[in-house]
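Okay, here's what each chain looks like letter by letter:
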Amino acid sequence: MFETVINLKPEDQWRPGMTVDKLIAEMDQAVQIPGVSNAWTMPIKARIDMLATGIRTPIGIKVFGKNLSEIETLAKAIEAVVKKVPGTTSAYAERVTGGYYLDIEPDRLALARYGLSVGELQDVIGIALGGEMVTTTVEGLERFGVIVRYPRELRQDPQAIASQVLVPIMGGAMIPLGQVARVSLMQAPPAIRTENALLTAYIFVDIRDRDIAAMSAMRRRRCASR
C-alpha cells in the first residue's frame, strides 16, 4: 500500500460541470498502474476509518479459510459483487497469493568441498545484495551511512546473481555463487494474515452518500442472494 495526497484547487476554479465524482472517474482512468487498485478517500477520513475499524476503510469484509488460493478466489468474487452495490465508491480484495521471492538454497556438499560454512555464504549474500555499512560521512550537522554492495546490473536477476556474485574460498580464489547455491525465483504469498488460527483476507470497501448501516444491510442481502 502507498498513498498519494492530491491538493485540489478551490471549487470555483474547477472546469464547468466538474464534480467530485467526475474528478474521481477521470483520475481513475488516468492513473492505471499494473498490480495496483485505486481507492479514493480523504486523508483525515482514512485515519479515522483506520482507528474506528482497524482497517483502511469504513466497511470491511473478512474471508476466513485454510487455503490461500480459495480465499483469494472468494474475495475477488465478493469484490465484484460489492462494487455493484449503490453507494460503493471503491472495493478492493487483498491479493494473498502471487508474490515473488528470490530463493538462494545452499548446496551443502559443494560448500563442504570448498571448506565453506552456510554462515559464510550468508554473509557474502547479505553484503552483495543487501549491502554493508562501511563508514559514516559527516556533512555539517548531518551524518550519513555509506553502504557498499554490488551494482544493480550484477544483482538484477537470478542468472546474474548466480554468475556475477563471487564467493571467496581458501587460497584467495573466488568462485561464482551458482557453484555453491541454487538461485531461483519462487512464488509465495506476499503476506500472510491470520485470525483465530485461520488464514484471512480483507475486502476494503469505501462508500459515499450512504450510511454504514444501510450499506451493510444491502451488501448482506446481495451476498446472500448470490
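Residues numbered from 1 in each chain as written. Predicted model: local features only at pLDDT ≥ 70, side-chain atom pairs only at ≥ 80, totals over all residues. Heavy atoms only, no water.

A.B. asks: Would you mind going over the packing of aromatic side chains with me for this structure?
C.D. replies: Given two aromatic rings, their pairing is described by the distance between the two centres and the angle made by the two planes. By the definition in use, this model includes one aromatic pair. For the ring pair Tyr202 and Phe204, a centre distance of 6.1 Å and an interplane angle of 80 degrees mean the geometry is edge-to-face. For the pair Tyr202 and Phe204, a shared accessibility class is recorded, and that class is buried. (Phe/Tyr/Trp six-rings, centres within 6.5 Å; stacked < 30°, edge-to-face > 60°. Buried < 20%, exposed > 50% of the residue type's maximum accessible area, 1.4 Å probe, protein only.)

A.B. asks: Would you mind showing me how to read the layout of surface pockets here?
C.D. replies: With a probe scaled to a water molecule rolled over the atoms, the places where space remains empty come into view. Of the volumes computed, that of the largest pocket is approximately 1,600 Å³. Forming the walls of the largest pocket are 46 residues, and the residues nearest its centre are Phe2, Ser37, Asn38, Ala39 and Trp40. Of all the secondary-structure elements, those providing two or more residues to the lining of the largest pocket are α1 (20–30), α2 (43–53), β2 (88–93) and β10 (198–207). Per element, the largest residue contribution to the lining of the largest pocket is six residues, and it comes from α2. Considering only residue class, the lining of the largest pocket consists of 27 nonpolar, nine polar and 10 charged. (1 Å grid on protein atoms, 1.4 Å probe; cavity = no way out; pocket = protein on both sides within 12 Å on 5 of 7 lines; lining within 4 Å. Points joined across faces, edges and corners; volume = space filled by probe spheres on them. Helix = DSSP H or I, 4+ residues; strand = E, 2+ residues; numbered from the N terminus. Nonpolar A, V, L, I, M, F, W, Y, C, P; charged D, E, K, R; others polar.)

A.B. asks: It is not clear to me how α1 should be interpreted in this structure. Could you clarify?
C.D. replies: Turn by turn, an α-helix covers 3.6 residues, leaving residues three or four places apart pointing in a common direction. Along α1, the residues classified as buried are Leu23, Ile24 and Met27. Along the long axis of α1, the arc covered by the buried residues comes to 100 degrees, so they all point the same way. (Arc of directions from axis to C-beta.)

A.B. asks: Looking at this structure, how should I read the pattern of salt bridges?
C.D. replies: Scanning the model with the defined rule gives 10 salt bridges in all. Across the salt bridge formed by Glu72 and Lys76, the nearest N and O atoms sit 3.3 Å from each other. Of the two residues, Glu72 and Lys76 are both situated in helix α3 (residues 68–82); the distance of four residues between them amounts to about one turn of the helix. A salt bridge links Glu94 to Arg193, with the nearest nitrogen and oxygen atoms 2.4 Å apart. Note that Glu94 is positioned in the loop between β2 and β3 (99–106) and Arg193 in strand β9 (residues 193–195), a separation of 99 residues in sequence. Accessibility expressed as a relative area gives 14% for Glu94, which makes it buried. Overall, the relative accessible area of 30% leaves Arg193 in the partly exposed class. (Salt bridge = Lys/Arg side-chain N within 4 Å of Asp/Glu carboxyl O.)

A.B. asks: What am I meant to see in unusual backbone geometry here?
C.D. replies: The phi torsion of most residues other than glycine is negative, and most of the peptide bonds are trans. Phi is positive for Asn196, close to 55 degrees, though the residue is something other than glycine. When you line up the elements, Asn196 lands in the loop between β9 and β10. With a phi angle near 65 degrees, Ala197 is a residue other than glycine that sits in the positive phi range. Positionally, Ala197 belongs in the loop between β9 and β10.

A.B. asks: Looking at this model, I keep getting lost on the nonpolar core. Mind explaining?
C.D. replies: Side chains that are nonpolar tend, in soluble globular proteins, to be buried together. Grouped together as the largest cluster of nonpolar side chains are 19 residues, with contacts concentrated most on Ile104, Leu121, Val165, Val167, Leu177 and Val180. When residues of this core are traced back to their parent elements, those giving at least two are α4 (108–113), α5 (118–130), α6 (158–164) and β8 (181–188). Looking at this core element by element, the count peaks at five residues for α5. Discounting residues that sit within four places of it in the chain, Ile104 has contacts with Ile125, Leu129, Leu177, Ala181, Arg182 and Val183. Core analysis: the second largest hydrophobic core is formed by 16 residues, Ile59, Val82, Val96 and Ile203 among them. (Core = buried A, V, L, I, M, F, W, Y, C linked by side-chain atoms within 4.5 Å. Contact = heavy atoms within 4.5 Å.)

These figures capture arrangement, not role.
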